[in-house]
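Letter by letter, the chains look like this.
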Amino acid sequence: MRAHEAGALHGQAGDHGPAWLRVPDDVNALVPVLWSEHVARAEDGALRVAGLDVRELAQEFGTPAYILDEADFRNRARAFREAFAPATVYYAAKAFFSVAVARWVLEEGLSVDVSTGGELAVALAAGVPGERLVFHGNNRSAAELGRAMDANVARIVVDSYDEIERVARVAAERGIRQRVIVRVTVGVEAHTHEFIATAHEDQKFGLSLAGGAADEAVRRILAAPSLELVGLHSHIGSQIFDTAGFEIATRRLLGMLHRLRGEHGIELPEVDLGGGFGIAYTTQDDPQPPRVLAESMRAIVERECAALGMDVPHVSIEPGRAIAGPTTFTLYEVGTVKDVALDGGRRRTYVAVDGGMSDNIRTALYDASYSATLASRRSDAGPVLSRVVGKHCESGDVVVKDEFLPADVAPGDLVAVPGTGAYCRSMASNYNHVPRPPVVAVRDGAARVLLRRETEQDLLRLDTGLDVEEGA
Ligand SMILES: Cc1ncc(COP(=O)(O)O)c(C=O)c1O
Ligand SMILES: N[C@@H](CCCC[NH3+])C(=O)O
């Protein structure tokens, strides 16, 4: 007996699904906010993206694969740039990055936030000029900092006294004066998962405003001849919908900027308010468009500056997820379907796909919610509460905790999970020696691979065992 026969068909998902999840009227319908602009279900029932049939994409590129809607990515990037102008919009590379993505972002007039030597290397390989880079991190090596300085990276955000000392030393060795920004912990409890909140006191990022560390950092930077302090930074966390946290953070950051004037006679020209804008993973999420976010952030900054009697500084933001996240879905092939009996006669359908926690760790790591749809065809079968799971040796290997899929989903069907453009490929692993899937960009009826699929040969090449045996 499938779960829909067990009585989960009408109203809410029941007590083995979340209260917000509704039984869909039409299990084939796509909820627009969850999908990129150019995804639709075609007449024949299969999903098409930018004019391409997912069955053909699966044929050509294999599954699992991340399918990225390039025009949608560019539109989101441009929307942020236009809405927030004249602010600088740094695209946060950690969300998803490749040489092509770096070029799109530049072409759309954005700059780039990198946070490791690896992200810096991709940006530089793509030709991003140092002037359009900000370098974040909480523990960069002297070598990484040196590479950034050699590329004339415009701003390095410092996160500890050790880093201030290290940046100062590396800059002095080069005989330059490096522009730096202090990452301030403003003490905001952002409403998001504890693992991705970053402005409360008890965590690794930033220098505390309340505890005085941020002020001490300013003193140390001002005392270092090889450093030039240009601003303050705050990033309160990620996947945030409520502007209240941004408001408090902005007020505290501007308050500090104003106070530093009196105390040190310095007028810092910039505030960087970080990223963190939330996206819709399921129907319970209600993100604001960039225009609305920009209006409210502009109002907060202007109001606060007026209250402090100071000019509005140059503002920067660093969205990652809100640009990359909604542009991509992961295309999987179903391998097995299993009905499992739960307490009280209830049942749950487990749909196992050919990927899992190695291509999307967010469900296991943050208890994140995702949605899914049958992608290769339309179905007339009733909706059944399902769990999309992967192929890894881990019971927590869940991609989508709860979703209504048609009761006839079977091996060989394609399932698509939307909203996987941010922090899925970039956090992917090789757990169980599973090669990481490709990222395929689609635009105007054409597909091209941005990152190719890894192969088992790639993984074997990392293993020195064969070299040793062959060399012996
Ligand atoms: C300093 C900084 N800037 C920007 C971002 C991007 O955040 P999001 O992808 O949530 O916009 C992050 C990650 O949370 C971050 O740590
Ligand atoms: N990786 C996290 C967000 C942290 C972003 C980096 N500060 C996520 O998937 O939601």
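Residues numbered from 1 in each chain as written. Chains lettered and ligands numbered in written order. Predicted model: local features only at pLDDT ≥ 70, side-chain atom pairs only at ≥ 80, totals over all residues. Heavy atoms only, no water.

**Notes on the environment of Ala65**
Mapped onto the elements of the fold, Ala65 is located in strand 4 (residues 65-69). On a C-alpha basis, the gap between Ala65 and Leu209 in space is 44 Å, while along the polypeptide they are 144 residues apart. Among residues more than four places away in sequence, those in contact with Ala65 are Phe329, Thr330, Leu331, Pro437, Pro438 and Arg453. (Helix = DSSP H or I, 4+ residues; strand = E, 2+ residues; numbered from the N terminus. Contact = heavy atoms within 4.5 Å.)

**Side note on the UniProt feature "modified residue: N6-(pyridoxal phosphate)lysine" (unreviewed entry) in the protein**
What UniProt calls "modified residue: N6-(pyridoxal phosphate)lysine" (unreviewed entry) maps, in this numbering, to Lys94. Apart from the residues lying within four places of it in its own chain, the contact partners of Lys94 are Asp113, Ser115, Glu119, Tyr423 and Ser426. (UniProt positions renumbered as here; feature names shortened; annotations may be inferred.)

**Some words on the environment of Asn139**
Along the chain, Asn139 falls in the loop between strand 7 (133-135) and helix 5 (142-150). When the C-alpha positions of Asn139 and Ala19 are compared, they lie 42 Å apart, and in sequence the two are 120 residues distant. Non-local contacts of Asn139, meaning those with residues more than four positions away in its chain, are made with Glu144, Glu163 and Arg166.

**A closer look at the packing of aromatic side chains**
Counting across every chain of the model gives eight aromatic pairs. Taking the centre distance of 5.6 Å and the plane angle of 70° together, the rings of Phe73 and Tyr91 count as edge-to-face. Taken together, the positions of Phe73 in helix 2 (residues 70-84) and Tyr91 in strand 5 (residues 88-92) put the pair 18 residues apart, joining distant regions of the chain. Here the aromatic cluster, defined as three or more aromatic residues joined through ring pairs, consists of Phe80, Phe84, Phe246 and Phe277. Geometry around Phe135 places Arg140 over its ring, the cationic atom sitting 4.9 Å from the centre. (Phe/Tyr/Trp six-rings, centres within 6.5 Å; stacked < 30°, edge-to-face > 60°. Lys NZ or Arg CZ within 6 Å of the ring centre and 35° of its normal.)

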